[in-house]
Amino acid sequence: MLGRRKTIGSLFLGKFKNMKQPLKELKIIDSPVEQILEQKIIDILKLIGENPNREGLQETPKRVSKAYAEWFKGYTNPPTYKLFDSKYKGILARKAIPFISHCEHHIAIYNGFIDFGYIPNGKVTGISKIIRRFQHLSARLTIQENLTDLLIDDFIKEVSVV
């Protein structure tokens, strides 16, 4: 197996500590959470000196709550890997997997690309599933320094390539 840091390539990131169990589903849309979040966005708009009732901002609180449901879906259960028996002994790799995350210090968006590869240990999983799972797990508050270990540890645990 490739070295732990070499398998992830262009990202060198650490472990999430104190992560709670993931939610089954992030219930923001059409829930009391949506109404609370919308009111908080209205409050923020007022605090920064904006008029939440002006034409361009009237639907903003609803749009923001929907965006948050997508941006932070990483707190829900990720897609599962399907494993297949394989005698393949070469490297399986994919370069430039796009991801979007949010900095946990400022909730600012950051994005990048992940280069990932592994040598199977009798089992393989589809590259498209790896991409979806990495993108899903990245959709939460993180710091780059922790994101790689989260992705690698999750992959090793779920796929057992070691």
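One can find the structure itself at the top, above this paragraph.
Residues numbered from 1 in each chain as written. Predicted model: local features only at pLDDT ≥ 70, side-chain atom pairs only at ≥ 80, totals over all residues. Heavy atoms only, no water.

A. Representation of the overall build of the protein chain within the structure. Looking only at helices and strands, one finds 5 helices and 5 strands in the protein chain. Written out in order from the N terminus, the α and β elements of the protein chain read α-α-α-β-β-β-β-α-β-α. Here the protein chain holds 162 residues, and the buried ones make up 38% of them. The long-range share in the protein chain, meaning contacts at least 24 apart out of those at least 6 apart in sequence, stands at 75%. (Helix = DSSP H or I, 4+ residues; strand = E, 2+ residues; numbered from the N terminus. Buried < 20%, exposed > 50% of the residue type's maximum accessible area, 1.4 Å probe, protein only. Contact = heavy atoms within 4.5 Å.)

B. Structural detail: the packing of aromatic side chains. All told, the structure shown has 8 aromatic pairs when counted by the stated rule. Their ring planes at 85 degrees and their centres at 4.9 Å tell us that phenylalanine 116 and phenylalanine 134 sit as a pair that is edge-to-face. Of the two residues, phenylalanine 116 is situated in strand 3 (residues 109–118) and phenylalanine 134 in helix 4 (residues 127–138); the sequence distance between them amounts to 18 residues. As far as the burial class goes, phenylalanine 116 and phenylalanine 134 line up, both buried. Note on tyrosine 118 and phenylalanine 155: the rings are 4.8 Å apart at their centroids and 65 degrees apart in plane angle, and the pair reads as edge-to-face. Note that tyrosine 118 is positioned in strand 3 and phenylalanine 155 in helix 5 (residues 144–159), a separation of 37 residues in sequence. In this structure, arginine 140 is placed above the aromatic ring of tyrosine 75, and the distance from its NZ or CZ to the ring centre is 5.5 Å. (Phe/Tyr/Trp six-rings, centres within 6.5 Å; stacked < 30°, edge-to-face > 60°. Lys NZ or Arg CZ within 6 Å of the ring centre and 35° of its normal.)

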